[in-house]
Each structure stands twice: as structure tokens, then as C-alpha cells.
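Chains, contacts and geometry: an overview
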Amino acid sequence: MANLWNEIILRPMLNGLIALSGILPEEVEFGLAIIIFTLVVRLALTPVTIKQTKSTRALQELQPKMKELQKKFAKNKAKLQQETMKLYKEAGVNPAGCMWPMLIQFPVWIALYQSIMKALATTPENLLDLAQHLYSSDMIAQAIPVNSHFLWLDLGQPDKTMVLAILVGGTMWVQQKMTTAPSTDSRQQSTNQMMLMMMPLMFGMFTIMFPSGLPVFWLVSNLIGIGTQYVVGGGWGNLKRSNSAASPATARAK
Amino acid sequence: MKAVRVLIFLALVSVVATGTGCMGNTAPQGFSGIVSSGDTLFVGAADGKVFVMDPDARASGSAFPSNGEWEYAITTPSRGFGCSSSEVAATVYGVPVAGTGQVCVGTYEGKVLMLDETSREANMVFPQVRSGEWAYPRGDEKLGPIVGSPAVAADTVFVSSSISEDRRTTGRVYALDRRYGDELWVSEPLDGKLWATPSVSDGSVYVSTFDGHIYSLSASTGELLPWSYEAEVGFVSSPFVAGGMVYVGTFDRFLYAIQLGAQEPRWQFEGENWFWGAPVVVGDVMYAPCLDGKLYALDAASGKPVWDEPFDAGAAIATSPAVAGDNLVVATKAGDVYFVNSATGNGTRVPNAADEKKATCDAMVVASPCYHQGMVYVRAQNNVLYCIDPVRKKVEFTFSLKME
């Protein structure tokens, strides 16, 4: 299984990344290669991402109707489930539609992450391991070792300036904010708020801990996610809405 | 809500996988090896430990440490998030250098230590300056990671180290006084990562860098000497100097033989992967291990293969072969140990003591084997020392280096 993973996914991706860095200007080779490679992978996954975005949006649009059903069948769980499924069917929405694309993308992200870390070969063990994953090609041989310096970063080391952590956390917050619909349920709203803060903070913390090649990938990925969401979702979505409108809880209080 | 939960779950899975090394980024473990001096074995082990052992005492199964034996754990200040400072185990890649009652070790955390055998056996506080113990740099200062072994010539210790700063990775060579650890000279910054073991020959120090340079420095002053060699690709292995030639492996899978002073290689030999481990020269023949799993026997003068076929160990050879009489001892990343006849290239695998079908060692071997007083010693990455009888081709005993 591990061999299958290595041969079909990891090795092509790793060697592609290294070959790409070999043809880019030396000063920025690997940083730029990560960005281009992330773009290419995201582009390849665009149909899946669009499907996921549409499914999420469709689910959000059904929320008012869902609330009505929850009120109506508050004491009859079986009926509620039945009616909910009926609602999904009528609207042509598959609730798993926003889960599966995410699950499909996940192995690709893991492979991309593995490729970045292996290519950077920050420790002697990593370099030794890298040798077992390279194709026999002059182009790849000449690109090794990759230049780990990019902008102010050493991609093989965590960023000590906190700039990258703020960028990763910030873009993640924006992306999540765009997709998280405000809820009329105050309990769910507070949970949403907590999640909205927790994920960016968590990834901001990871950025301080992990070699910055990985956060660069997260940052680019977040920016592409924001762009995709903007185009497919038709604007800033809930980011703008929640800024211009008072929260439901506040509105109720008034 | 489900989406958020799944997202959190996936994030946590990725963090756990990352932390456990499943994602391709392993924390430095070290793969220091074994060296012998006199009747004693000096073993660089995991967790920054150095073991000094009497092979006879280990063979007899005596409790460790017996007379003359000791272990010392090198530690380094923790870089964790805690407010209080703590010490954690250091990482050692280079083989300890032993002689005249002292052991010299370089750590990945950027310290060079000179240990005095008597003081360590007595378990005294390090450093016992009066006994010739020292750490360089002094205090809390550190160099960049030291990956290669120190080289000791006369009264000088040479180490190489590299750091990344101002958007460049540069290496430096340090010359230290063997007795007191005083800095004799520091070379000017050399472009590229410097993980090599310095090679000292005829008053010159030779180092190879990842950006494809071989530099020669004056051993007495550290000044760059006129001769340097520049290749189109980086050098993956340390330079090995013998008979006026420097032998070094490149990232494009070649082994170069360059005459000192020349600007063109005398010969180059292509493997199917990197020549990571240092070659050994016996007489006119060079035995070069390769990560393609083969041991090549080459004419040292011409680079032409000596055997009809290279010896195929079937798994990457990251170690330097040990010479044991007419045999070369080769250890692989799969954990197998082979005795290869130096004349014919025919090899015999040493079976696992518990299960013949399994690899000789129960973990990969990245540290070079050592031949000492008729026996071969191998340290595997499970931190176990294997003693192998070259005549019977059998594991005689094992000794766990995982001691408290």
C-alpha cells in the first residue's frame, strides 16, 4: 500500500516539484515552485472544489427551511429526519456533497505536503530518504539540493517573524468567514464563532512550529480558496453580509 | 457544523501524522557509528550518547559498565515552549574520534565536545577542564548543525558546520586546539551547505559543499588555498583524499576522482543513485558503496570496474564498507550485513539470529560497520549494537544501547 502511494502519487509529485524548481530562477526557485505547484494542483481539483462550494452554498440556502422543519417536528425526530431528507431531495442537494470533495482532496494535500518536506530535506535523514524517491534524470539531479530561501523565509525552518503566521491565520479566517453562514440559533452561532477563531489560530500556531515551506503552501491554498469562493459564490459571501448586518442574536436583543 | 467538525478532524489527523513523521518530515535522529582505538570500542548512539566499551566484557555478557567502560549523554538546552529551561538529548551524526584518552564529538545542535575518558568513567561533571575536557563554543553559544565527523590531525580538531542567514546558506570550517578547545581559526564563509567531514592531508583541509565546490584550506591558518574545484552539481558526500586524489560523490549520481590541483576530473563513474558513503581504497582498488544498493570495485587510477558485476546488496548502502581481511563488510538500509570477497565481488549475507529470513539487524543500518580485533560491529537504528563473527558469518551477540 505504501509502495502504491509512493509510486502513483508521491514520487510523481515530488519529482515534478523538484523539476519545476530546477527551471525557475535560482533565488526563488523552490518557493515559486511551491506556489506554482499548489496552483496547478488546485486547478486540477477545480471541478471538485466547485462542486463542494456549490453543495455548501445550497445547504446554506436551505437553512431557513431546515429551521422551520426543526421547529415543526421538534418532538418527532423520525419525522424530522424524513422531512429533512425530502427537502434535500426536492432541492437536489446531497449533504455528503460537501464532504466527499474534501476527502478526495485530502490525500492530494498530504502528498503535496510530503513532497515539499521531502524536497527540502532539512535533516540528513530526510536527504537520505529523498535519494530513494528521485527519478534518474539530469534535470532533477541538477535541481538538488533545492534553494530553501524565498523572500524573507528559509522554507526549511519555521518563520520567526510571525508575518507568515498572521497571513496564514488571516487568510484562513477570511476563507472560513466567507463560507460560514450566520445562524439564527444562538448556540450554533457561538459554536460557529468559536470554530471561526479556533482554526485560524491553530494553523497560525502550526506556522510557528513547522518549516515555512508548508505554511507557504497553506497560504497559497487559502488565497486560491478565497478566489474560488469569490468567483463561484458570487462575491464575498458571508464575509460582507456579517459585516453589514447585525448578528441575529443582536437583532433579537433589540 | 459537520463540515467544520470534519475539517477539524482532518487538521488534527494531519498534525498527528506530521508529528509522528508519517508526512515525510522526520526529526533528526542521528546515525553516529563506531570507531575502535586500542582495545576499546567507541560508539556514538541515539539520544546523544557516547558509549565506550570493552568488547570482551560485552561478549561475556558482563553488566555494563565494567572496568574502563562508560557512557555519557550529551544534552542541549530545550527549544520548547516552556518558560523554564530544560535539557534534551543532543543528536550526533558524525562518528566519534578517539585517541590518547580522549573522545571528540560534534553535535547537530552545533557543539563540539572533547571528553576525557578518565573523567567520564568517574562520571564527573562535564567539562573537567584540568583533564582536557572542553566544549566549543563556550557557554550558550552554538555553531550551525554539525553533520560530518570531526577530523583530528596532530593537535588540531577540524569541524565543519553550516548556517542559513541573510538569505544564504554558508558553511565554515573551524580549527580548534585539541587540548583546550581554543579557536585557532575560522574559515571565511563558503557558499552552500557544508555537511561534510573535513579531510586533512599534507597540511591542507578539504571540504565539499552542496553547491558543488571542493575547497582547500591551509590547515595552519584557515586561508583558502588557490586550488578549488567547481562542479555543475552539488557534492553529496564528504571528500575522501588518498594518493593525491580526491574522491567525492555528486547529486547527479557520479563518483568523481579529481587529482589535487587539477580542474578536470581524472575519471568519473556513474551509479544508479548517490554515492553517499565514503569509499575505501585497498591497494589499487577503490570500493565505493552506492545508494543504488551496489558496491562497486573500481580501479583507483582509471575508474574502470574491477569485478565483472558490482555486488548487489538489494537495498541502499549508506555506509562506508569496513575491511575485514579479504572481505569487505557492507551494511544496508534494509538492515542486512554482507561479507563481500574483495577479489571476486561475491557476497554472503549474515542471517538474523532469530529468524534466517529476516534482515541481519532488526532495523536499518546507516552507520558504518567497524572491524575490530577479528570481529565486526554494527550499530543499527534501533540503537542496538550487533557483534558479528566474520568467519562463521553469524551474529555473536547484541548489546542494547537504550540505557537509562
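Every residue gets a number counted from 1 within its own chain, in the order that chain's sequence is written. The lettering of chains begins at A and the numbering of ligands begins at 1, in the order of writing. Two thresholds apply to this predicted model, a pLDDT of at least 70 for residue-level local features and 80 or more for giving and counting side-chain atom pairs, whereas whole-chain, interface and lining totals are computed over all residues. Side-chain metrics in this entry use all non-hydrogen atoms of the structure; hydrogen atoms and water are not considered.

1. Observations concerning helix 9 (residues 163-179) of chain A
Helix numbering and strand numbering both begin at the N terminus, where a helix is a DSSP run of H or I of at least 4 residues and a strand a DSSP run of E of at least 2. Each helix should span, by expectation, one fewer than its residue count multiplied by 1.5 Å. Given a rise of 1.5 Å per residue, 17 residues ought to cover 24 Å, and the 25 Å separating the end C-alpha atoms of helix 9 of chain A matches this to within 8%. Relative accessible area decides the class of each residue, using a 1.4 Å probe on protein chains only: under 20% of the type maximum gives buried, over 50% gives exposed, and in between gives partly exposed. Looking only at helix 9 of chain A, the buried set comprises L164(A), A165(A), V168(A), G169(A), T171(A), M172(A), Q176(A), K177(A) and M178(A).

2. What about empty space enclosed by the protein?
The definitions used throughout rest on a 1 Å grid laid over the protein atoms alone, on which a cavity is an enclosed set of points accommodating a 1.4 Å probe that cannot get out and a pocket is an open set flanked by protein within 12 Å on both sides along at least five of seven lines; lining residues are those having an atom within 4 Å of a point. Grid points are joined across faces, edges and corners, and a volume is the space filled by probe spheres set on the points. Following the criterion strictly, the structure yields one cavity of 30 Å³ or more and no others. Space inside the largest cavity adds up to approximately 40 Å³. Around the largest cavity, the lining residues are L134(A), Y135(A), S136(A), S137(A), I140(A), A141(A), F251(B), R253(B) and W274(B).

3. Examining unusual backbone geometry
Residues and elements named next belong to chain B. Cis geometry is found at the peptide bond from F64 to P65, where omega equals 0°. On the secondary structure map, P65 appears in the loop between helix 2 (55-59) and strand 4 (70-73). The peptide bond linking F126 to P127 adopts the cis configuration, its omega dihedral lying at 0°. Counting through the fold element by element, P127 comes out in the loop between helix 3 (117-121) and strand 10 (134-136). Despite not being glycine, T100 shows a phi value in the positive range, around 45°. Position of T100 relative to the elements: it lies in the loop between strand 7 (97-99) and strand 8 (102-106). Overall, T100 belongs to the exposed group, its relative accessible area being 68%.

4. Description of the packing of helix 2 (residues 29-44) of chain A against helix 11 (residues 213-233) of chain A
Axes are the key here: two packed helices are described by the angle between their axes and the distance separating the axes. Residues and elements named next belong to chain A. Lines fitted to C-alpha atoms define the axes here, with helix axes fitted over just the stretch in contact, and angles between the N-to-C directions of these axes take values from 0 to 180 degrees. Running from N to C, helix 2 and helix 11 cross one another at 45°; their axes reach a closest spacing of 9 Å. As summarised for this structure, helix 2 and helix 11 are arranged oblique, according to the angle between their axes. Of the two possible hands of crossing, helix 2 and helix 11 adopt the one that is right-handed. Residues I34, I35, T38, L39 and R42 of helix 2 touch helix 11, and the partners they reach there are G213, V216, F217, V220, S221, I224 and G225. For classification, angles of less than 35 degrees are called roughly parallel, those exceeding 145 degrees roughly antiparallel, those between 65 and 115 degrees roughly perpendicular, and all remaining angles oblique. Note on convention: near helix rotated counterclockwise from far helix by under a right angle means a left-handed crossing. Clockwise means right-handed. Contacts are residue-level and defined by heavy atoms, with any inter-residue pair within 4.5 Å sufficient.

5. Describing the sheet that holds strand 26 (residues 294-299) of chain B
Residues and elements named next belong to chain B. Pairing is antiparallel across the open sheet formed by four strands, whose spatial order is 24-25-26-27. Two strands bound the open sheet, and with one partner strand each, they are strand 24 (280-282) and strand 27 (311-312). Here two bridges tie strand 26 to strand 27, and the two strands are oriented antiparallel to one another. Directly across from K294, in strand 27, lies its bridge partner D312. Two strands are said to pair when DSSP picks up at least two bridges between them.

6. Quick word on the nonpolar core
A general trend in soluble globular proteins is that nonpolar side chains are found buried together. To qualify as a nonpolar core, a set must consist of buried Ala, Val, Leu, Ile, Met, Phe, Trp, Tyr and Cys residues joined through side-chain atoms within 4.5 Å. Of all hydrophobic cores here, the largest spans 64 residues; its most connected members are I18(A), F30(A), I116(A), L127(A), L130(A), W274(B) and W276(B). Looking at this core, the elements that each hand over two or more residues are helix 1 (2-23), helix 2, helix 6 (100-120), helix 7 (124-131), helix 8 (138-143), helix 9, helix 10 (186-209) and helix 11 of chain A. Broken down by element, the residue count for this core peaks at nine residues, all from helix 6 of chain A. Once you skip the residues sitting within four places of it in the chain, W274(B) turns out to touch L127(A), L130(A), A131(A), L134(A), I144(A), V236(B), T250(B), F251(B), R253(B), C290(B) and L291(B). Counting residues in hydrophobic clusters, the runner-up holds 17 residues, among them A322(B), V378(B), Y386(B) and I388(B).

7. A short note on a nonpolar patch on the surface
Residue and element names in this part refer to chain A. Patches were defined on residues exceeding 30% relative accessible area and lacking a salt bridge, with like-charge contacts within 9 Å and nonpolar side-chain contacts (Val, Leu, Ile, Met, Phe, Trp, Tyr) within 5 Å. For accessible areas, the Shrake-Rupley method is used with a probe of radius 1.4 Å. Any residue's cover is judged against the shown protein chains and nothing else. For salt bridges, the criterion is a side-chain nitrogen of Lys or Arg within 4 Å of an Asp or Glu carboxyl oxygen. On the surface, a cluster of nonpolar side chains totalling about 450 Å² of accessible area is made up of M162, I166, M205, I208 and M209. It is helix 10 that contributes the most residues to the nonpolar patch, three residues altogether. Relative to the helices and strands, M162 resides in the loop between strand 2 (153-154) and helix 9.

8. Details of the pairing of strand 14 (residues 183-186) of chain B
Residue and element names in this part refer to chain B. Relative to strand 14, strand 13 (residues 168-177) runs antiparallel, the two being bridged by three bridges. Residue Y174 lies in a different strand from strand 14, and its bridge partner there is V186. Taking the residues between adjacent antiparallel strands as the criterion, strand 13 and strand 14 are bridged by five residues, where G181 takes a positive phi near 75°.

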